[in-house]
Amino acid sequence: MSRVFNFSAGPSVLPEVVLKQAAEEMLDYKGSGMSVMEMSHRSKVYDNIIKEAEQDLRDLMDIPDNYKVLFLQGGASQQFAAVPMNLMKNGVADYIITGQWAKKAYEEAKKYGKANAIASSADKTFSYIPDCSDLPISEDADYVYICHNNTIYGTAYKELPNTKGKILVADMSSDILSQPVNVSDYGLIFFGVQKNVGPAGVVVVIIREDLIRDDLPAYVPTMLKYKTQADNDSLYNTPPCYGIYICGLVFKWVKEMGGLSAMKAHNEKKAQILYNFLDSSKMFRGTVEKKDRSLMNVPFVTGNEELDAKFVKEATAAGFVNLKGHRTVGGMRASIYNAMPIEGVEKLVAFMKDFEEKNS
Ligand SMILES: *Cc1c(COP(=O)(O)O)cnc(C)c1O
């Protein structure tokens, strides 16, 4: 068996110890005589799995008691519809467009009400986060929406927008658990788990209880009402049982790593190694404004498409995989999520130095 250094933007690298534990527990989960995949979601043993996962996430993020944690399906994209369906009371919401995921959420919200794009960084290929200190927030906005870390472009909010008292909703799919979060700054946080937490398909919603309503338009599917899911502790129907189990193992791993402050230090160290090299290199350079750089996704280019392709090819052969950049940015992108060890980034930088020497 040989494992590569996987820099994929998602689905992405998971902690090796978690994969090993899942393998060990595959045939017989804790003496139950069956795999987690094979057991009833109404059984005592599964109830412990989902309850523990929720409690561990609550501990890690210090989630206040007046917030519900929901384990749902449909990935992050399903929430692009669920959020406006559930939160639009006045039928108005303000969106800050910092990349494709924010844009998709905005386009989807338009189906259910009046969605306003109140700021955007599309003018420079989403290479920065707009100044959000004094935005034209709509008087009757039900919420202000952000994508907290822009997976494709490699930017992240270092400061939250001034929402002028409106509820903040954030897509944290690609930076959840990478650093501490003050949950009470948000009305709703959601994350698809396949970047930093677990297998694709599961999406976690953390929602302030007073935002859970029953007076929704008749068209809202039962499954997409937060009320349905909250009233049934995420067990209205069969949840993505196995995926939630893996998420639970990753939550325990993050706890063992020292929690979110330790995770932040670990991620800053990795990002610094890579960004420092990009800033000193004569061949490679980062593509976004320094002040807005993501800790998780690091896009970079050589400025020469042929050289980019050569780099990706040789890196792959050397065991550094999934470094090809998103088609809208070109070049390369190294996603260095929680589970990427420091060693992986150090070795990548050594490989980049060597490539630069040989090709200049
Ligand atoms: C990957 C990603 C998504 C899409 O997630 P799906 O689970 O595929 O729907 C949405 N938002 C962000 C920020 C992402 O990184």
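These numbers come from a predicted model, not from an experiment.

A. Examining the domain arrangement of the protein more closely. When its domains are assigned, the protein resolves into domain 1 (16-256) and domain 2 (258-359). Using C-alpha coordinates to define each centre, domain 1 is positioned 27 Å away from domain 2. In this assembly, 29 residues from domain 1 lie in contact with 25 residues from domain 2. Regarding the contact of domain 1 and domain 2, the summed buried area is about 2,200 Å², with carbon and sulfur atoms giving 53% of it. It is Ile 152, Gly 154 and Ser 178 that lose the most area in domain 1 upon contact with domain 2, and together they represent 19% of the buried surface on that side. In this assembly, domain 1 and domain 2 are joined by zero salt bridges. The tally of links from domain 1 across to domain 2 stands at 18 residue pairs in polar contact (both at pLDDT 80 or more).

B. View of the site of the ligand. Taken together, 13 residues form the shell around the ligand, and within it Ser 77, Thr 151, Asp 171, Gln 194 and Lys 195 come nearest. For the ligand, whose accessible area on its own is 390 Å², the fraction buried by protein is 87%. Among the elements that take part in the shell around the ligand, helix α3 (residues 75-87) stands out by supplying four residues, more than any other. Residues that form the shell around the ligand fall into these classes: four nonpolar, seven polar and two charged.

C. Looking closely at the packing of aromatic side chains. Within the structure shown, the criterion is met by 20 aromatic pairs. Seen from their ring centres, Phe 126 and Tyr 153 are 5.0 Å apart, and the 55° between their planes marks the pair as tilted. Of the two residues, Phe 126 sits in the loop between β4 (114-120) and β5 (144-147) while Tyr 153 sits in the loop between β6 (149-150) and β7 (155-156), which places them 27 residues apart along the sequence. Residue class for Phe 126 comes out buried when judged on its relative accessible area of 9%. Residues Phe 284 and Phe 311 carry aromatic rings whose centres are separated by 5.1 Å and whose planes lie at 70° to one another, so their mutual orientation is edge-to-face. Note that Phe 284 is positioned in the loop between α7 (259-280) and β11 (285-286) and Phe 311 in helix α8 (residues 305-317), a separation of 27 residues in sequence. The exposure classification of Phe 284 matches that of Phe 311, with both residues buried. An aromatic cluster of at least three residues, connected via ring pairs, comprises Phe 5, Phe 7, Phe 277, Phe 284, Phe 300, Phe 311, Phe 320, Phe 351 and Phe 355. When the ring centre of Tyr 128 is taken as origin, the NZ or CZ atom of Lys 124, which lies over that ring, is 5.6 Å away.

Reading the values: the criteria
- Residues numbered from 1 in each chain as written.
- Predicted model: local features only at pLDDT ≥ 70, side-chain atom pairs only at ≥ 80, totals over all residues.
- Heavy atoms only, no water.
- Domains from an automatic or database assignment.
- Contact = heavy atoms within 4.5 Å.
- Buried area = accessible area lost by both parts, 1.4 Å probe.
- Salt bridge = Lys/Arg side-chain N within 4 Å of Asp/Glu carboxyl O.
- Polar contact = N/O pair within 3.5 Å; in protein donor to acceptor, adjacent residues only side chain to side chain.
- Near = heavy atom within 4 Å.
- Areas by Shrake-Rupley, 256 points an atom, 1.4 Å probe, with all protein chains shown as cover.
- Helix = DSSP H or I, 4+ residues; strand = E, 2+ residues; numbered from the N terminus.
- Nonpolar A, V, L, I, M, F, W, Y, C, P; charged D, E, K, R; others polar.
- Phe/Tyr/Trp six-rings, centres within 6.5 Å; stacked < 30°, edge-to-face > 60°.
- Buried < 20%, exposed > 50% of the residue type's maximum accessible area, 1.4 Å probe, protein only.
- Lys NZ or Arg CZ within 6 Å of the ring centre and 35° of its normal.

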